[in-house]
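Structural description and commentary
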Amino acid sequence: VGISPKMVGYRYLTEAIILVASGETNNFSRILGEKYKKTDASIQRAMQNAINKAWRSSDIEDLLEHYTARISSEKGVPTVTEFIHYYSNLISVGLK
């Protein structure tokens, strides 16, 4: 969806998606915070910044093609949790 691999949030999102796909649904920010010696809030902020930047800079057609979940019209971008669960579900379904 246009998130640059150079962004710190990209790495966190990728790892969080894998954690959730493998069954760790509640504490992915805490787990990543402990791993990278960051606060939960710092992890969350980096992930949301990566998502926000992708939604601001990516072509709308690409976003609609690669992220088909519903997005709140108030925010205009998915939350971290929505984004992570959407892609972890795709992985989980693909593995079955």
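Described in the following lines is the structure provided in the data block. (Residues numbered from 1 in each chain as written. Predicted model: local features only at pLDDT ≥ 70, side-chain atom pairs only at ≥ 80, totals over all residues. Heavy atoms only, no water.)

**Considering the overall build of the protein**
Heads up, the condition is: Comment: elements are numbered from the N terminus, with helices defined as DSSP H or I runs of at least four residues and strands as E runs of at least two. Restricting the calculation to C-alpha atoms gives the radius of gyration, and the globule rule supplies 2.2 Å times the number of residues raised to the power 0.38. Whether a residue is buried, partly exposed or exposed follows from its accessible area with a 1.4 Å probe, protein chains only, as a fraction of its type maximum: under 20%, in between, or over 50%, in that order. Any two residues whose heavy atoms approach within 4.5 Å are treated as being in contact. Only the protein chains shown count as cover for residues, with accessible areas throughout obtained via the Shrake-Rupley method and a probe of 1.4 Å.
Secondary structure summary: the protein contains five helices and zero strands in total. For the protein, the N- to C-terminal ordering of α and β elements is α-α-α-α-α. For the protein, the C-alpha radius of gyration of 13 Å lies close to 12 Å, the compact-globule estimate for 96 residues. Seen through its principal axes, the protein has C-alpha atoms that stretch 35 × 30 × 25 Å. Here the protein holds 96 residues, and the buried ones make up 32% of them. Expressed as a percentage of contacts within the protein between residues at least 6 apart in sequence, the contacts between residues at least 24 apart total 60%. Of the roughly 6,100 Å² of accessible surface on the protein, a fraction of 52% belongs to carbon and sulfur atoms.

**Thoughts on the nonpolar core**
Filter applied, for reference: Among buried residues, the Ala, Val, Leu, Ile, Met, Phe, Trp, Tyr and Cys ones that are joined through side-chain atoms within 4.5 Å form a nonpolar core.
Ranked by internal contacts, the top residues of the largest apolar core, which has 24 residues, are L13, F28, M47, W55, F83 and I84. For this core, the secondary-structure elements that each account for two or more residues are α1 (8-21), α2 (28-36), α3 (40-57) and α5 (80-95). If you tally residues by element for this core, the top one is α3, at seven residues. Not counting residues up to four positions away in its chain, the partners in contact with F83 are V1, I3, L13, I17, I51, W55, Y67 and P78.

**So, the packing of α1 against α2**
This is how it is decided: Each axis is a line fitted through C-alpha atoms, and for a helix only the stretch in contact is used; angles between axes span 0 to 180 degrees, taken between their N-to-C directions. Any angle between 65 and 115 degrees counts as roughly perpendicular, while under 35 counts as roughly parallel, over 145 as roughly antiparallel, and the rest as oblique. Each helix crossing is assigned a hand: it is left-handed if the near helix lies turned anticlockwise from the far helix by less than a right angle, otherwise right-handed if that turn is clockwise. Classes in brief: Ala, Val, Leu, Ile, Met, Phe, Trp, Tyr, Cys and Pro nonpolar; Asp, Glu, Lys and Arg charged; the others, Gly included, polar.
Here α1 crosses α2 at 125°, and the two axes come no closer than 10 Å. Here α1 is positioned oblique relative to α2, judged by the angle of their axes. Crossing handedness for the pair α1 and α2: right-handed. Between α1 and α2, the contacting residues are R11, Y12, E15, A16, L19 and V20 on the first element and F28, I31, L32, K35 and Y36 on the second. Looking at the contact of α1 with α2 residue by residue, the classes come out as eight nonpolar, no polar and three charged.

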